Each structure stands twice: as structure tokens, then as C-alpha cells.
Amino acid sequence: MKKYLMMMALMLGVASTSMAQENVVSKYFDKFSDNEEFVKVSVSSKMFSLFTELEAGSPEEEEFLKAVSKLKGMKMVVGDSISNGAALYKEALIDVQKAGFEELMMVTDADENFQFSIKEKGGIISELIMVAGGKKQFIVMSLYGEIDLNNISKIARSMKVNGLDKLEKLSEEGGN
Amino acid sequence: MRLISQPLFAQESILKEFVENSNKRKFCFYPSTLRMVNLQQDPAFNEMIAPIEKLLLYSLDSSSIASKEYRYVLDAYTQEGYEDYAQVYGGKFDIHVLGKERKVREWVGVLKQGDEAFAFYLIGAVNWQKIPHLMNSIQENDLFTLVDLGNNGGNWD
């Protein structure tokens, strides 16, 4: 029972929809809407707004709340047992580039590639996109709102989204 | 659909009407009974559930899971002014969380993972900031499942 309560709490706390937000990820949401091979996750601004109401009980919680409270939404499409992961990865990278995103970081290894890109205006990052691809895996994820790069690793650590942890390298390397 | 025409302040009944013939097991939790679920007495869990005033959980039967009829219930709630907070669907998941802000916040949703599915109705809130800590504890501990709880007679009403 606790497991289900936790799953529910996790979804209430982490995982919605901001249909007004037209972004690269929306294309893949629509494309794979009825495809059961892909898991679609969306978290609305309503959900993130809940974090502004909370009082932190520890410095760790305070950091997390501060980082998350400025987010307006998250959308993610995940396929982890597909046949065309590499092709989708290449396609998504082109979409990201066409949409005017600036590459932030790329991580490559034998099994998977990750690229993080941002949209920035006036020193404020309004959207972060992660694209990941391997032989059998594809992930495209968008975080939008007001994003502070200094806090990205904290969000990454807390949200436990596969691949997002790579952003911790930004803090380690001072790549900000 | 008949579920849509509900009087105001009868939001709980929309779900109750649906699960009348489609649930295997029903759980009704209040703060005291929620704390009983926390057998390992993790203080973070108790803090997370503290603002919950009432939680109804219904495990759905296989036919309602297969037909995805529960989505009509969610549509009915949307028409009652509930808004999307979170969705996960595709693969083995079909999770939807809707919320409505009144004097006390109300939540309704469906959690399906694999062959199991729950519908829930929650009045109150959840201390979201406790979730990262609790997710870590879940990975470290072997938590009991609903089936275990059911076998141990944990069915409250």
C-alpha cells in the first residue's frame, strides 16, 4: 500500500499538461500519442505552483523548492525498447536546432548519446531540452519556465529522470 | 454519459458511482489510518501524509482496466472544473491526476501500472518536498504491497 501511496505522491509531485506550450516535445507527444511503446509524461504549471506554497524543513528541501518553484511545466516522451532510437535521436536534434535552441552540453558513450539544449533570452533560460538516444532508447524531455542553471543539478537529482543526472556535470565542471 | 450530471459538491460521488460495480477492494484512509500504513515509522512519510484529510482508494477490476472506462470518470471531473496536474500514459502506465482548488484542495485520479489499477479521491494536500527522501527509502527497502496488506486484513471502510 505504501508503494502505491508513494507512486501517487510522486505523480502528484513530479510528473501534466500545458497544451498551450508549443515546443519540440509536443511534436513527439502527438506523433506517439497512441503508440504504447512510448511513455508520455506531462506535468502542468498547476503542479509546479504547489511548490511555492511549501515551507522547507531543511536546507536540502529549500534548495529543491527554490529550484522547482520557478518551473512552469515538464513534458517527456520515453521509448526504452524501440527499434529506431538512433534515428529518432537524430531527428529530434534537427528539430531542436531548427527551433532555435542553443546546445548546452553533449554526453556520448557506447550505448547512449545525450544532448542538452537551452532557449535563453535576456540572461533567463526559458526552456531546457534533453534528447537522448541509443539503439533501443529514445527520450525527449522539455522543462520550461524560469530555469536557473545553478539549480539544474538539484532538480536533476530530485526528479530522477533518466539522463537528467548528466546535468550534474555542469556543476562539477563549473560549466555555467 | 450518466456520470457527468452530478450536483454541485457531489464530486466524491462521481467516483463512487463508477467504482460501485468495478472495484475489487476499497480503502478509506483518514490521518490515523494512513499512519498505520507506515509500518517502518519513517517520519518523512508521516510528514508527507499529515495534511491529507481523507483518502479513498479503489482497486479496479480487470474488465474496467481493460476497457479504460475510468477515463470517462476523469472526463466527468474535468467538466466539474478539475484541472490536469499530471499525466503518464503509454506502455504499462496510465496515470492521471486532476485537482481542484476550493477551501480545501481536492484530488482525483487513476493510477495504472501493469495489471493493477487504482482510482483515488483525496481531500487535503501532500507534503511534496518529502517525496525525494521517500523515493530513496523505497529503493532501499522492500516495501509491502497492496496484496500483502489485503491478505493481512487491511481493508478499512
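Residues numbered from 1 in each chain as written. Chains lettered and ligands numbered in written order. Predicted model: local features only at pLDDT ≥ 70, side-chain atom pairs only at ≥ 80, totals over all residues.

1. Description of the overall build of chain A
For step 1, the next point in the chain: Looking only at helices and strands, chain A has seven helices and six strands in total.
For step 2, the next point in the chain: Reading chain A from its N end, one meets helices and strands in the order α-α-β-α-α-β-α-β-β-β-β-α-α.
For step 3, the next point in the chain: By residue count, 50% of the 176 residues in chain A fall in the buried class. (Helix = DSSP H or I, 4+ residues; strand = E, 2+ residues; numbered from the N terminus. Buried ≥ 20, exposed ≤ 12 C-beta atoms within 10 Å, placed from the backbone.)

2. Overview of the overall build of chain B
For step 1, the next point in the chain: Looking only at helices and strands, chain B has seven helices and six strands in total.
For step 2, the next point in the chain: Each helix and strand of chain B, ordered N terminal to C terminal, gives the series α-β-α-α-β-α-α-β-β-β-β-α-α.
For step 3, the next point in the chain: Sorting the 157 residues of chain B into buried and exposed places 40% on the buried side.
For step 4, the next point in the chain: For chain B, restricting intrachain contacts to residue pairs at least 6 apart in sequence, the fraction spanning at least 24 positions comes to 58%. (Contact = placed C-beta atoms within 7 Å.)

3. Quick notes on helix 1 (residues 11-19) of chain B
For step 1, the next point in the chain: Regarding helix 1 of chain B, the residues found buried are B:Gln11, B:Ile14, B:Leu15, B:Phe18 and B:Val19. For helix 1 of chain B, the angular spread of buried residues about the axis comes to 120 degrees, placing them on one side. (Arc of directions from axis to C-beta.)

4. A few points about the nonpolar core
For soluble globular proteins, the rule of thumb is that nonpolar side chains tend to be buried together.
For step 1, the next point in the chain: Ranked by internal contacts, the top residues of the largest apolar core, which has 86 residues, are A:Val77, A:Met130, A:Val131, A:Val140, B:Ala119 and B:Phe120.
For step 2, the next point in the chain: With sequence-adjacent residues up to four places away left out, B:Ala119 is seen in contact with B:Leu15, B:Val19, B:Tyr58, B:Leu60, B:Tyr70 and B:Val110. (Core = buried A, V, L, I, M, F, W, Y, C linked by C-beta atoms within 7 Å.)

5. Overview of the pairing of strand 4 (residues 93-100) of chain B
Residue and element names in this part refer to chain B.
For step 1, the next point in the chain: Judged by how many residues are buried, strand 4 sits mostly within the fold: seven of eight residues are covered.
For step 2, the next point in the chain: Bridge analysis of strand 3 (residues 83-90) against strand 4 gives seven bridges, and the strand direction is antiparallel. Across the sheet, the residue bridging to Ala 86 is Val 97, located in strand 4.
For step 3, the next point in the chain: Connecting strand 3 to the next strand, strand 4, in antiparallel fashion are two residues, including Gly 91 with a positive phi near 60 degrees.
For step 4, the next point in the chain: Bridge analysis of strand 4 against strand 5 (residues 106-113) gives eight bridges, and the strand direction is antiparallel. Bridge pairing in strand 5 places His 96 opposite Val 110.
For step 5, the next point in the chain: Between the end of strand 4 and the start of strand 5, which pair antiparallel, lie five residues. (Pairing = 2+ DSSP bridges.)

6. Quick word on the environment of A:Ser83
Residues and elements named next belong to chain A.
For step 1, the next point in the chain: As for its position among the elements, Ser 83 is in the loop between strand 2 (71-79) and helix 5 (85-98).
For step 2, the next point in the chain: On the basis of neighbour counts, which here come to 10 C-beta atoms within 10 Å, the residue Ser 83 falls in the exposed class.
For step 3, the next point in the chain: For the pair Ser 83 and Lys 136, spaced 53 residues apart in sequence, the C-alpha separation works out to 5.4 Å.

7. Observations regarding helix 5 of chain A
All names here are of chain A.
For step 1, the next point in the chain: Given a rise of 1.5 Å per residue, 14 residues ought to cover 20 Å, and the 20 Å separating the end C-alpha atoms of helix 5 matches this to within 8%.
For step 2, the next point in the chain: The set of residues buried in helix 5 consists of Gly 85, Leu 88, Tyr 89, Ala 92, Leu 93 and Val 96. Buried residues in helix 5, looked at end-on, bunch into an arc of 140 degrees, giving them a common side. More than 90 degrees from the buried face of helix 5, the exposed residues found are Ala 87, Ile 94 and Lys 98.
For step 3, the next point in the chain: Looking one or two places after helix 5, you find Gly 100, whose phi comes out positive at around 85 degrees. (Expected span 1.5 Å × (residues − 1).)

8. Notes on the packing of helix 1 of chain B against helix 5 (residues 70-79) of chain B
When two helices pack together, their arrangement is captured by the angle between the axes and the distance separating the axes.
Residue and element names in this part refer to chain B.
For step 1, the next point in the chain: Between helix 1 and helix 5, the least distance of the axes is 10 Å, while the angle of their chain directions is 165 degrees. Relative to helix 5, helix 1 is oriented roughly antiparallel. Here helix 1 and helix 5 pass one another in a crossing that is right-handed. Residues Gln 11, Ile 14, Leu 15 and Phe 18 of helix 1 pack against Tyr 70, Val 73, Ala 76 and Tyr 77 of helix 5.
For step 2, the next point in the chain: Residue composition of the contact of helix 1 with helix 5, by class: seven nonpolar, one polar and no charged. (Axes fitted to C-alpha atoms, helices over the stretch in contact; angles between N-to-C directions. Parallel < 35°, antiparallel > 145°, perpendicular 65-115°, else oblique. Left-handed = near helix turned anticlockwise from the far one by under 90°. Nonpolar A, V, L, I, M, F, W, Y, C, P; charged D, E, K, R; others polar.)

9. A short note on the confidence of the model for chain A
Residues and elements named next belong to chain A.
For step 1, the next point in the chain: On average, residues of chain A score 80 in pLDDT, and 77% of them are at 70 or above.
For step 2, the next point in the chain: Helix 5 holds the highest mean pLDDT among the elements of chain A, 95, whereas helix 1 (residues 2-13) holds the lowest, 57.
For step 3, the next point in the chain: Confidence over residues 14-21 falls short of pLDDT 50; this stretch has 28 contacts with residues more than four positions distant or in other chains. (pLDDT = per-residue confidence, 0-100.)

10. Considering the confidence of the model for chain B
Residue and element names in this part refer to chain B.
For step 1, the next point in the chain: Mean pLDDT over chain B stands at 75; residues scoring 70 or higher make up 74%.
For step 2, the next point in the chain: The least confident element of chain B, judged by mean pLDDT, is helix 7 (residues 146-151) at 40; the most confident is strand 3 at 92.
For step 3, the next point in the chain: Throughout residues 1-9 the model reports pLDDT below 50, and contacts reaching past four residues in sequence, or to other chains, amount to 13 contacts.
For step 4, the next point in the chain: Reported confidences for the modelled complex are a pTM of 0.77 and an ipTM of 0.76.

11. What to know about unusual backbone geometry
For step 1, the next point in the chain: Even without being a glycine, B:Lys68 presents a positive backbone phi close to 55 degrees.
For step 2, the next point in the chain: Within the secondary structure, B:Lys68 is located in the loop between helix 4 (62-67) and helix 5.

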